[in-house]
Amino acid sequence: MRKLTTVAIADDHPVLLAGMVSLFAGSDRHQIVGQAVCADSSLEVVKAVSPDVIIMDLSMPGDVFRTIAQIVATAPETKVVVFTAFCSIESALKALDAGATGFALKGSPSSELLEAIDTVMAGQMFVTRQYASQVMNGLRDRARRQALDDAIKLNVREKQIVGHLMQARTNREIAAALHISEKTVKHYMTGLMLKLKARNRVEVVIASRLSQDQESALHR
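Reference entry: report on the structure contained in this document. (Residues numbered from 1 in each chain as written. Predicted model: local features only at pLDDT ≥ 70, side-chain atom pairs only at ≥ 80, totals over all residues. Heavy atoms only, no water.)

## Some details on a nonpolar patch on the surface
A grouping of Val202, Ile206 and Leu210 is seen on the molecular surface, where their side chains present a nonpolar patch of about 290 Å² in accessible area. Residue position: leucine 210 is located in helix α10 (residues 201-219). (Patch = residues over 30% accessible without salt bridge, like charges linked within 9 Å, V, L, I, M, F, W, Y side chains within 5 Å. Areas by Shrake-Rupley, 256 points an atom, 1.4 Å probe, with all protein chains shown as cover. Salt bridge = Lys/Arg side-chain N within 4 Å of Asp/Glu carboxyl O. Helix = DSSP H or I, 4+ residues; strand = E, 2+ residues; numbered from the N terminus.)

What follows is the structure, encoded as structure tokens:
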């Protein structure tokens, strides 16, 4: 016999809450194990009954996004599916950033909510079809921006020194070209090797080229 998926529902609208309870009451695959009417009580329900999935509305009293993050941190085995009429790309991205793995709209057929639960229980992300492509694009853009932020940044002088290294110039030649002391060049070389995790001048050049190629690819 297949194990039932245990579900908690968090919504402060009595009619909608009753409607969702009725929806799952007729399911032979799901079991309602808890209900909540605000952000704080959502967290308490999760702690008390450890549901497989909690369905959460975004317009409940309290900081729902913070509560989603708290649920994910304290009960990682519980999947969070947002089910809301508060529909925007920003709210979907914010909910997913907080740790939700499902985002469905109340105006959609009830079958979409059931599909969302099945999808997150299978370890995948579900986003309502209405916003799927835009949300995925938003997540990709955010990942690209994060990758750019994480890329190794060289200051102007470091870039100048690397440019001379690529021309196989010695420290003395670099110092003369940049009108600085050879000691200063050595200081920058030490900093470059630490920043680029390089052991010598050749590895500095190689790491610099790889970093430049990565940054160029992210900007395309």
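## Focus: the pairing of strand β1 (residues 5-10)
Most of β1 sits out of view: six of its six residues are buried. The alternating pattern of β1 places Thr5, Val7 and Ile9 on one face and Thr6, Ala8 and Ala10 on the opposite face, and all of these are buried. Between the parallel pair β1 and strand β2 (residues 30-36), the chain is carried across by helix α1 (residues 14-25), and the sense of this crossover is right-handed. Sheet topology places β1 next to strand β3 (residues 53-56); four bridges connect them, and they run parallel. (Buried < 20%, exposed > 50% of the residue type's maximum accessible area, 1.4 Å probe, protein only. Right-handed = clockwise from strand over helix to strand, strands pointing away. Pairing = 2+ DSSP bridges.)

## Concerning unusual backbone geometry
With a phi close to 60°, alanine 168 is a non-glycine residue in the positive phi region. Structurally, alanine 168 is set in the loop between α7 (156-165) and α8 (171-178). On the basis of relative accessible area, alanine 168 is assigned to the exposed category, the value being 65%. Of note, the phi angle at histidine 179 is positive, near 60°, even though the residue is not glycine.

## Re the sheet that holds β1
If you trace the six strands from one edge of the open sheet to the other, you get β2-β1-β3-β4-β5-β6, paired in parallel fashion. Taken across any chain shown, the strands that pair with only one partner, and hence form the sheet edges, are β2 and β6 (126-127). Sheet topology note: the β1/β2 ladder contains six bridges and is parallel. Looking at β2, one finds that threonine 6 is bridged to glutamine 31. The strands that helix α2 (residues 39-49) touches are β1, β2 and β3; relative to β2, the one it contacts most, it runs at about 135°. Taken strand by strand, helix α4 (residues 89-98) contacts β4 (79-84), β5 (102-105) and β6, and its axis lies near 150° from that of β5. (Contact = heavy atoms within 4.5 Å. Axes fitted to C-alpha atoms, helices over the stretch in contact; angles between N-to-C directions.)

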